[in-house]
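Chain and residue survey
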Amino acid sequence: MDASLERYSRQMRFPGIGEEGQRRLLDSHVTLCGCGALGTVLANALVRGGVGHLRLVDRDFIELNNLQRQVLFDEHDVAENLPKAEAAARKLAAINSSAYVEPVVTDIDRTNIIELVKDAYLILDGTDNFEIRYLINDAAVKLAKPWIYGGCIGSHGQTMTILPGETPCLRCVFEAAPAPGEAGTCETAGVLAPIVNIVASFQVAEAFKILTGRHDRINRDLIYVDVWDNIQRRIKIAPLLGKVDCPCCRHRRFAWLEGELGSHTTSLCGRNAVQVSHRNATQLNFQELARSLESLGQVSYNRFLLRFDSDGYEFTVFPDGRAIIKGTSDVDRARTLYAKYIGH
Ligand SMILES: [Zn+2]
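So, a few notes on the structure that sits alongside this text. Quantities reported herein were computed from a predicted structural model and do not represent experimental measurements.

Parameters and conventions
- Residues numbered from 1 in each chain as written.
- Predicted model: local features only at pLDDT ≥ 70, side-chain atom pairs only at ≥ 80, totals over all residues.
- Heavy atoms only, no water.
- Phe/Tyr/Trp six-rings, centres within 6.5 Å; stacked < 30°, edge-to-face > 60°.
- Helix = DSSP H or I, 4+ residues; strand = E, 2+ residues; numbered from the N terminus.
- Buried < 20%, exposed > 50% of the residue type's maximum accessible area, 1.4 Å probe, protein only.
- Lys NZ or Arg CZ within 6 Å of the ring centre and 35° of its normal.
- Core = buried A, V, L, I, M, F, W, Y, C linked by side-chain atoms within 4.5 Å.
- Contact = heavy atoms within 4.5 Å.
- Donors = N, O, S within 2.8 Å, 3.2 Å for Na, K, Ca; no water.
- Tetrahedral: all angles 85-135°; square planar, octahedral: opposite > 155°, others 65-115°.
- Pairing = 2+ DSSP bridges.
- Axes fitted to C-alpha atoms, helices over the stretch in contact; angles between N-to-C directions.
- Polar contact = N/O pair within 3.5 Å; in protein donor to acceptor, adjacent residues only side chain to side chain.
- Right-handed = clockwise from strand over helix to strand, strands pointing away.
- Salt bridge = Lys/Arg side-chain N within 4 Å of Asp/Glu carboxyl O.

Let's talk about the packing of aromatic side chains
- Per the counting criterion, the structure on display carries eight aromatic pairs.
- A centroid spacing of 5.4 Å and a plane angle of 75 degrees characterise the contact between F315 and Y341, whose relative ring orientation is edge-to-face. Of this pair, F315 sits in strand β13 (residues 313–317) while Y341 sits in helix α12 (residues 331–341), and the two are 26 residues apart along the sequence. Neither F315 nor Y341 differs from the other in exposure class; each is buried.
- Grouped by ring-pair contacts, the aromatic residues F130, Y134 and W256 constitute a single cluster.
- Its end group placed over the ring of F318, R322 keeps NZ or CZ at 3.9 Å from the ring centre.

Looking at the nonpolar core
- V30, L46, L54, L56, L92, L122 and L124 are the most contacted members of the largest nonpolar core, which has 44 residues in total.
- The set of elements that each furnish at least two residues to this core consists of β1 (29–33), α3 (37–49), β2 (53–58), α5 (84–95), β4 (122–125), β5 (147–153), α10 (193–211) and β7 (221–226).
- It is α10 that contributes the most residues to this core, nine residues altogether.
- Those residues in contact with L54, other than ones at most four positions away along the chain, are V30, L32, A43, L46, V47, L92, Y100, V101 and E102.
- Membership of the second largest hydrophobic core comes to 31 residues, among which are V104, I113, Y134 and L170.

Points about the coordination of the zinc ion
- Distances from the zinc ion to its protein donors, namely C169 (SG), C172 (SG), C246 (SG) and C249 (SG), fall within the range 2.2 to 2.3 Å.
- Every donor counted, the four donor atoms about the zinc ion form angles of 94 to 120 degrees at the centre, which fits tetrahedral coordination.
- Donor residues binding the zinc ion come from one chain and are separated in sequence as C-x2-C-x73-C-x2-C. One end of the pair, C169, is in the loop between β6 (156–162) and α8 (170–173); the other, C246, is in the loop between β8 (231–236) and β9 (263–268), with 77 residues separating them in the sequence.
- A residue is classified by how much of its surface remains accessible, and C246, at 1% relative accessible area, is buried.

Notes on the sheet that holds strand β11 (residues 299–301)
- Here six strands make up an open sheet; going across it, the order is β9-β10-β14-β13-β12-β11 and the pairing antiparallel. Each end of this open sheet is capped by a strand with a single partner; those strands are β9 and β11. The average angle at which neighbouring strand axes cross in this sheet is 20 degrees, direction not considered.

Some thoughts on the side chain of K340
- Tracing the chain through its elements places K340 in helix α12.
- For K340, a relative accessible area of 11% puts it in the buried group.
- Of note is the side chain of K340, whose polar atom sits 3.4 Å from the side chain of E63.
- Those residues in contact with K340 that lie beyond four places of it in its chain are E63, T185, E187 and D311.

Describing the sheet that holds β4
- Read across the sheet, eight strands follow the order β3-β2-β1-β4-β5-β6-β7-β8 without closing on themselves; strand pairing throughout is mixed. Either end of the sheet is taken by a strand with one partner, and the two such strands are β3 (100–105) and β8. Put simply, the sheet's adjacent strands are angled 15 degrees from each other on average, direction ignored.
- Sheet topology note: the β4/β5 ladder contains two bridges and is parallel. Each bridged residue has a counterpart across the sheet, and for I123 the counterpart in β5 is W147.
- Relative to β5, α10 is tilted by about 175 degrees, and along the sheet it contacts β1, β4, β5, β6 and β7.

With respect to the pairing of β5
- Among the seven residues that make up β5, seven are buried, leaving the element largely enclosed by the rest of the structure.
- Both faces of β5 are covered, namely the face carrying W147, Y149, G151 and I153 and the face carrying I148, G150 and C152.
- Following the backbone out of β4, through helix α7 (residues 130–143) and into the adjacent parallel β5, one traces a crossover that is right-handed.
- Looking at chain direction, β5 and β6 are connected through seven bridges and run antiparallel. For Y149, the partnering residue across the bridge sits in β6 and is M160.
- Following β5, the chain reverses through two residues before pairing antiparallel with β6; G154 in that reversal takes a positive phi of roughly 55 degrees.

Some remarks on the pattern of salt bridges
- Per the stated rule, a full pass over the model turns up 21 salt bridges.
- Among the ionic pairs, R59 bridges to D107, the shortest N-O distance being 2.7 Å. Taken as a pair, R59 in the loop between β2 and α4 (75–80) and D107 in the loop between β3 and α6 (113–117) lie far apart in primary sequence, 48 residues in all.
- The partner of D245 in a salt bridge is R250, and the shortest N-O contact between them spans 3.9 Å.
- D245 sits in the exposed class, given a relative accessible area of 53%.
- Overlapping salt bridges, with partners in common, bring together R55, E102 and D119 in one network.

This is how it looks when you write it as structure tokens:
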């Protein structure tokens, strides 16, 4: 055996991969969107497994409360105040110096997504954000690239593999993103590390199959797992292909990529505040949103607006999903805060 392959010997001994599969992995290029809970587990396994080029894209910094589940980070990274993509790349270089890990610290949006994924063989979803998932879906369908969706909240999570043209796309299965405040976020509902590891592990196995050319082995169901309520479900989604009048994969209308759907963010000059608004009309249920934010302390609302404070910022949310976040003029920061507390 080639000495450079020795570190992968146990993986190559598995007949599904073999030497040929390993060489394909070494030659592969993956773009990973998001380097938080799912993203760090994904990046760790892909780089250890020999994926040759991993582009890691994340807009965020590391906080102490990330360490419970974001496996590539430690207290030293928190103290250094490093961006997640950068800290992850440093850790991954120590794990496998022969892999090319490319950190990109940016907010993924419709203006940069194509550039970030166009040279990748596969796109992996490690985000916690529905808006970015729909953008990934648009870009992947448009460019005919496989991608793997994963999402976790509380004790449950789900994953599905999308091969454009061959399996249903995200919009075939979930026509629209949950309304802001509806799905809960890790900040409001919490998240357990075991579900993160399970969902990410399913995604890594799928990634290995795609990158080694074993499409015959791909999981074509939506997998749902709840580790607290002991539920494991496989939901047949294959029949949806061609049956759903999907705007994305059937009509090739890429509404998220073209900015017809999605959020719109503006810095409010001189007010140290940013307004985040949603293009897709929504009607927030303040009672539910207030309940999900209860743990943060005082949340007050009336018919017209809901207000709460957190992390030193003041949030004012309107019934149509628009929010003004006071205490920052940084639009990326505001979008992160919006996603964190209100939803996607
Ligand atoms: Zn579709």
